[in-house]
Amino acid sequence: MHRMNFVQNKNALTGALAALCLVLSGCVGFTEDMLKIFGDASDAAEAVAPGSADDFSVARLVRLGKIDVDKKHDSVTITLETIGGCVKDGESFVYDTDFYFADSKTFAYSFRGDSLLLSRIYEPDPYEADQTRYDESLIFVGGKSGKLDGVWKNTQCRYREERMFCSNDGYNQYFKFDGDKVEYRITDREDYNYMRTVFVDQLFDYLGNGGSIQLETPYYYSSTKFGQESSGISILSKTGTTMKFTYADLMFDLSVDYARYGDSLHVMLESGGVICVGTVREMDDASPEVCSDDNADYLYKSSSGAFSYERKNSREFEACIDGILGRGPDD
């Protein structure tokens, strides 16, 4: 494999473009606690089944873009584009159909067996202590060895300094390379265990210790063991989307009724006839329908220059739980 030294773009990118670390590898919350370690790329292929053209066709389109292949240096530059965006005209929000933003990342590419590796070398931030230079290769399966064109599925696994790590995100990512064109799509995993997420961990901790619940589409694996022990939770039964548990002599029923990555979340917590509902609606790129002054409190400027949209009821959800427990917000 040709090793290439690329300079990191220090700008935080929006949505699916977030440093292409999020786009290409789902690296949010990437910690030792979350990792599974495999021996080689064939193990990664077994851990995450290869994507098919049918899987790709039903997945949600996120971005279109371009790919520039430099076969001489075994490198590819992937550019994902945003066309149209919510911007400010003076003091008002307007949707600009002419808005354009493109983000490019360059990778060395190689094939190992049936897997495609996209590799970069990351230099330490001169302003951050205790950082070291390292190389990382993202692992994709589903296409044909030796041929970039085709549908490639992110295995959620990567090599870092030749050691393999795998994360556990609740969505699958697909890239289709076709000549100089790129399609990036995602689809939610039907078998994902929503009862082992950051959201559930925060909920358990909130029941016992207060704090806060940051309602977000709960796709990043997080062990709930600490929350259960510290909060005195006793789990009676659970599935991938529901859980029945007790706390402080109260019976609780938790359900994730709807969850779509980067889009929306609807959860319910019921106890003693009281139902607490948590909702999230989010868009990396605010649509024309929500791009208005009426939604000013929910629009946030991204590094692309356009606005994203996020509306959630975390505080109302917490207040409802406090009511079930019979405690005030300051207790």
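Residues numbered from 1 in each chain as written. Predicted model: local features only at pLDDT ≥ 70, side-chain atom pairs only at ≥ 80, totals over all residues. Heavy atoms only, no water.

> Any chance you could explain the side chain of Asp-103 here in plain terms?
Structurally, Asp-103 can be placed in strand 3 (residues 92-112). Take Asp-103: its relative accessible area is 4%, and that puts it in the buried class. Reaching out from Asp-103, the side chain makes a polar contact with the side chain of Lys-105 at a distance of 3.3 Å. (Helix = DSSP H or I, 4+ residues; strand = E, 2+ residues; numbered from the N terminus. Buried < 20%, exposed > 50% of the residue type's maximum accessible area, 1.4 Å probe, protein only. Polar contact = N/O pair within 3.5 Å; in protein donor to acceptor, adjacent residues only side chain to side chain.)

> Would you mind showing me how to read the state of the cysteines here?
Throughout this description, disulfide means a covalent bond between two cysteine sulfur atoms. Taken as a whole and assessed by the stated rule, the structure comprises 3 disulfides. The disulfide partner of Cys-157 is Cys-166, and the gap between their sulfur atoms is 1.9 Å. Given an S-S torsion of about 110 degrees, the disulfide between Cys-157 and Cys-166 has right-handed geometry. Across the pair, Cys-166 and Cys-157 agree in class, each one buried. (Disulfide = S-S within 2.5 Å.)

> For this particular structure, what's the right way to read the pairing of strand 1 (residues 60-70)?
Where a strand is regular, its side chains alternate between the two sheet faces. Here strand 1 pairs with strand 9 (residues 181-188) via 6 bridges, running antiparallel. When the sheet's bridge partners are listed, Gly-65 is paired in strand 9 with Val-182. Direction of pairing for strand 1 relative to strand 2 (residues 75-89): antiparallel, over a ladder of 7 bridges. When the bridges of strand 2 are listed, Asp-70 appears paired with Ser-75. (Pairing = 2+ DSSP bridges.)

> Quick question: what am I supposed to make of helix 4 (residues 198-209) here?
Each turn of an α-helix holds 3.6 residues, which means side chains three or four residues apart point in the same direction. In a regular helix each residue adds 1.5 Å, so 12 residues correspond to 16 Å; helix 4 covers 16 Å between its end C-alpha atoms and thus fits that length. For helix 4, the full list of buried residues reads Phe-199, Val-200, Asp-201, Leu-203, Phe-204, Tyr-206 and Leu-207. In the segment just after helix 4, Gly-210 is the residue with positive phi, at about 75 degrees. (Expected span 1.5 Å × (residues − 1).)

> Explain the sheet that holds strand 14 (residues 274-283) here, please?
Remark on secondary structure: sheet strands pair via backbone hydrogen bonds, oriented parallel or antiparallel. Read from one edge of the open sheet, 7 strands run 10-11-12-13-14-16-15, paired in antiparallel fashion. One side of each edge strand has no neighbouring strand; the edge strands of this open sheet are strand 10 (234-238) and strand 15 (299-301). Strand-to-strand twist of the sheet, defined as the mean angle between neighbouring strand axes without regard to direction, takes the value 20 degrees. Two strands pair when backbone bridges link them, and strand 13 (residues 264-271) and strand 14 are joined in this way by 8 bridges, in the antiparallel orientation. Note on strand 14: the bridge partner recorded for Met-268 is Val-277. Strands strand 10, strand 11 (242-247), strand 12 (250-260) and strand 13 of the sheet are contacted by helix 4, whose axis makes an angle of about 15 degrees with strand 11. (Axes fitted to C-alpha atoms, helices over the stretch in contact; angles between N-to-C directions. Contact = heavy atoms within 4.5 Å.)

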